[in-house]
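Residue-level structure breakdown
One letter stands for each residue in the lines below.
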Amino acid sequence: MYASFIARRYAFSRRHFDAVHIVALISSLVMGVVMAAAIIILSVFNGYERLILESTSPFDAPLLLNRRDGKVFDATTPELADLLASPEVAAHSLTMRSEGMLFAGRESTPVLLMGLDTGFEKVCDVTSTIAIGAYPHSKGDFLLGADSYTSLGMPLPEDSVKMSLFVPRRKGSINPLIPQSAFMQSEGYITGVVNAGQAEYNNTLFLPISQLADLLDYSGDMCEAIALKPSQMQSDVTFRKAMSHNLPAEYQLLTRREQQPMLMRLVAMEKWLSFSIILFVVILSSFNIVCSSAMLIVEKKRDIRIFKAIGMPRHTIPKIFFLRSLITTLIGIVGGLLVGSILLILQQRIGFVTYVEGYIPVPYPVDFKWGDFVIAPLALLVIGVISAWLPPRILIRA
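Read on for a plain summary of the structure. (Residues numbered from 1 in each chain as written. Predicted model: local features only at pLDDT ≥ 70, side-chain atom pairs only at ≥ 80, totals over all residues. Heavy atoms only, no water.)

1. Some details on unusual backbone geometry
The following threshold applies: Secondary structure is summarised from DSSP: a helix means a run of H or I of at least four residues, a strand means a run of E of at least two, and numbering begins at the N terminus for each. Buried, partly exposed and exposed residues are distinguished by accessible area as a fraction of the type maximum, computed with a 1.4 Å probe on protein chains only: under 20%, between the cut-offs, and over 50%, respectively.
Here the phi dihedral of Asp217 falls at roughly 65 degrees; this positive angle occurs in a residue that is not glycine. Relative to the assigned elements, Asp217 resides in the loop between α7 (209-215) and β10 (222-223). Assessed through its relative accessible area of 40%, Asp217 is described here as partly exposed.

Here is the structure:
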């Protein structure tokens, strides 16, 4: 009690504003600036993460069901059939992926292959990405990405030429004297062109899953993944928790975030590397706290002798100077947290800080995550506590 009272008097003394108080004030300001910078940087990276998830292609399903080992599976098994028939599932669609070579006359281009069924339109809003033509509904109908379509130099789909698709043979023997025996072939016509805004899908050929399954020599209702759309009554996270209890162990449900693991990992890496640089700045600024605490101890030597003379316990005297330095740290952290939060709210509502994208000013995106508002202050507080604890323990004993 006495220690905290004396520490407050040392911190907020109105009579003496000397070099010790100036150094302490600088320490609080630096800690506040770094605290505000940490919150702002973490929130901006959160904003970019949200922006990336919002700008994912319509071909990315809200939830994706697949095997953990990545193998194809039969969607008609009793466990999966019960899950797909549950009222929580608004719509589902079987999908399959592969690679192949597409020929149009003398022109050719390598393409990614994505097999879809007719229910995919109900799961994802793919019609908004179709620039020309219509969605494929039967065998022989191809939906081609805009980049691949341009590279082939083809006419409009209404005047489309016959396309030949070659896929490496998955089963059976190959005759070295007949190179064509190493490939499976299928033919069709371009019924539409997709501009998904992503290089992956703009170089993809979309075709009925039954046609792709025949090329890969799969039978029945085999698929690589099932795209799921939850009912409007619940969110993706709630749906995932409810379905995971009845899901066999070899299967997994992936959200849109988990369907982009490399991209999300890259954003997280940049975010926490930036935060680690800020922590390094905090460590450097913590020497201001050490300096102000050491200067205060030297200045208050007479007070320390008085405390000892009146019988104050030995452990209480270092505690006074520790609390005084801790007050300096807390003022900086709380002040920086408030200033950073105010700036983020203004940026979220007004967008006064922008960057130029194609001659158009775009405000930096921000997104609040309460975990960041706990981790960042705690990290700075730990460094501040260590900086406040060391000088009293070393100098007063000396």
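2. Things to note about the pattern of salt bridges
Condition: Definition used for salt bridges: Asp or Glu carboxyl oxygen within 4 Å of a side-chain nitrogen of Lys or Arg.
Following the criterion strictly, the structure yields eight salt bridges and no others. The salt bridge involving Glu49 is made with Arg257; its shortest N-O contact spans 1.9 Å. You can see Glu49 sitting in helix α2 (residues 19-54) and its partner Arg257 sitting in the loop between β12 (251-255) and α9 (261-299), a full 208 residues away along the chain. Judged by its relative accessible area of 36%, Arg257 falls in the partly exposed class. The partner of Lys271 in a salt bridge is Asp372, with the nearest N and O atoms 3.3 Å apart. Taken together, the residues span a long stretch of sequence, with Lys271 in helix α9 and Asp372 in helix α12 (residues 372-396) at a distance of 101 residues. Of the two residues examined, Lys271 and Asp372, each falls in the buried class.

3. Concerning the packing of helix α10 (residues 301-309) against helix α11 (residues 316-349)
Quick reminder of the rule: Structural elements are reduced to axes, namely lines fitted to C-alpha atoms, with helices fitted over the stretch in contact, and the angle between N-to-C directions of any two is expressed from 0 to 180 degrees. The cut-offs work like this: below 35 degrees is roughly parallel, past 145 is roughly antiparallel, 65 to 115 is roughly perpendicular, and the gaps in between are oblique. Crossing chirality is assigned from the near helix's rotation relative to the far helix, an anticlockwise turn below a right angle marking it left-handed and a clockwise turn marking it right-handed. Residues count as neighbours in contact if any of their non-hydrogen atoms are within 4.5 Å of one another. When residues are grouped by polarity, Ala, Val, Leu, Ile, Met, Phe, Trp, Tyr, Cys and Pro land in nonpolar, Asp, Glu, Lys and Arg in charged, and all others, Gly among them, in polar.
With their axes 10 Å apart at the nearest point, α10 and α11 run at an angle of 140 degrees to one another. Here α10 lies oblique to α11, going by the angle between them. At the point where α10 passes α11, the crossing takes the right-handed sense. Across from Ile304, Phe307 and Lys308 in α10, the residues of α11 making contact are Ile317, Ile320 and Phe321. For the contact of α10 with α11, the residue count by class is five nonpolar, no polar and one charged.

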